[in-house]
Amino acid sequence: MCAILVVGRSVVNMEPTKKHTKWEAFTTVQKGTIAEEFVQEKLEADGWVVYRPNGRHKIDIICEKNGKFWAVDVKAKARRIYYPDTGMDANDMEIYKQLPLPVYIIFVDDVMGMAYGASLEHLCIEREENGKKYPWIVKNYVYFPLSAMTMLWEITPEKIQELAEKTERKQCYSRIYEKGVGYNWLEKRKLAKKKLNK
């Protein structure tokens, strides 16, 4: 059965594809799928109708609530160690800017144990923090400050373990917690907790 979602002038094909491909065998893709399923579960619990494409795709989720549509991309990515920020491929950002829907980026951070995010429009507002101008582009990557993010959901220990098993991280994140950087940020964000639909 084929499902087509029409958004504006764009057509999103939600047709199922073969379950096992070489692409899906990559550990990073498997970790991304875990993160996407986590976000889908949380969005649906908040009353959103979620559409997810199968196979390779440019956007992870299209969701709708009360007639409002969002394109949501999920990044299974921890914050950086030496800077209070996180980021994504700069080419992805350019693709998202072409979409006919507002785009929300959600980072599923297994180190912080949190999922946080913001609209692309909000992330692209120029700001300066700790002497760095954001969005901060380094080579093919663009970084956004954690202070620009909204804390969305805590990640369960079981889900953190599941994500960690698919992580090929080379950096040691103990420094973040030794100096309290991660927890201080987390506590501040908990005080200002917001939901995606507000």
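Residues numbered from 1 in each chain as written. Predicted model: local features only at pLDDT ≥ 70, side-chain atom pairs only at ≥ 80, totals over all residues. Heavy atoms only, no water.

## What about the overall build of the protein chain?
Part 1 of the argument: On a plain count of helices and strands, the protein chain comes out with 6 helices and 13 strands.
Part 2 of the argument: Taking the contacts inside the protein chain whose residues are at least 6 apart along the sequence as the reference set, 64% of them involve residues at least 24 apart. (Helix = DSSP H or I, 4+ residues; strand = E, 2+ residues; numbered from the N terminus. Contact = heavy atoms within 4.5 Å.)

## Considering the pattern of salt bridges
Part 1 of the argument: On inspection of all chains with the given rule, the structure shows 7 salt bridges.
Part 2 of the argument: For lysine 75, the salt bridge is made with aspartate 73, and the minimal N-O distance between the two is 2.9 Å.
Part 3 of the argument: Lysine 75 gets classed as buried once you look at its relative accessible area, which sits at 12%.
Part 4 of the argument: Two residues, glutamate 162 and lysine 159, come together in a salt bridge whose shortest N-O distance is 3.4 Å. On the criterion of helical spacing, the pair formed by glutamate 162 and lysine 159 is a turn pair, its members being 3 residues apart in helix α4 (residues 157-164).
Part 5 of the argument: Using a relative accessible area of 33% as the deciding quantity, one classes glutamate 162 as partly exposed.
Part 6 of the argument: One salt-bridge network, in which partners are shared between bridges, spans Asp73, Lys75 and Asp92. (Salt bridge = Lys/Arg side-chain N within 4 Å of Asp/Glu carboxyl O. Buried < 20%, exposed > 50% of the residue type's maximum accessible area, 1.4 Å probe, protein only.)

## Details of the packing of aromatic side chains
Part 1 of the argument: Here the structure, examined in full by the defined rule, presents 7 aromatic pairs.
Part 2 of the argument: With centroids separated by 6.3 Å and ring planes inclined at 85 degrees, the aromatic side chains of phenylalanine 38 and tryptophan 153 adopt a geometry described as edge-to-face. Of the two residues, phenylalanine 38 is situated in helix α1 (residues 27-45) and tryptophan 153 in strand β13 (residues 150-154); the sequence distance between them amounts to 115 residues.
Part 3 of the argument: Of the residues examined, phenylalanine 38 reaches a relative accessible area of 5% and is grouped as buried. (Phe/Tyr/Trp six-rings, centres within 6.5 Å; stacked < 30°, edge-to-face > 60°.)

## Digging into unusual backbone geometry
Part 1 of the argument: With omega at -5 degrees, the peptide bond leading from tyrosine 134 into proline 135 counts as cis.
Part 2 of the argument: Following the sequence through the fold, proline 135 ends up in the loop between β10 (132-134) and β11 (136-138).
Part 3 of the argument: One non-glycine residue, asparagine 66, lies in positive phi territory at about 55 degrees.
Part 4 of the argument: Inspection of the secondary structure assignment puts asparagine 66 in the loop between β4 (61-65) and β5 (68-75).
Part 5 of the argument: Classification of asparagine 66 by relative accessible area gives exposed; the value is 77%.
Part 6 of the argument: Phi angles above zero are rare outside glycine, and asparagine 130 is one such case at about 50 degrees.
Part 7 of the argument: Mapped onto the secondary structure, asparagine 130 falls in the loop between β9 (127-129) and β10.

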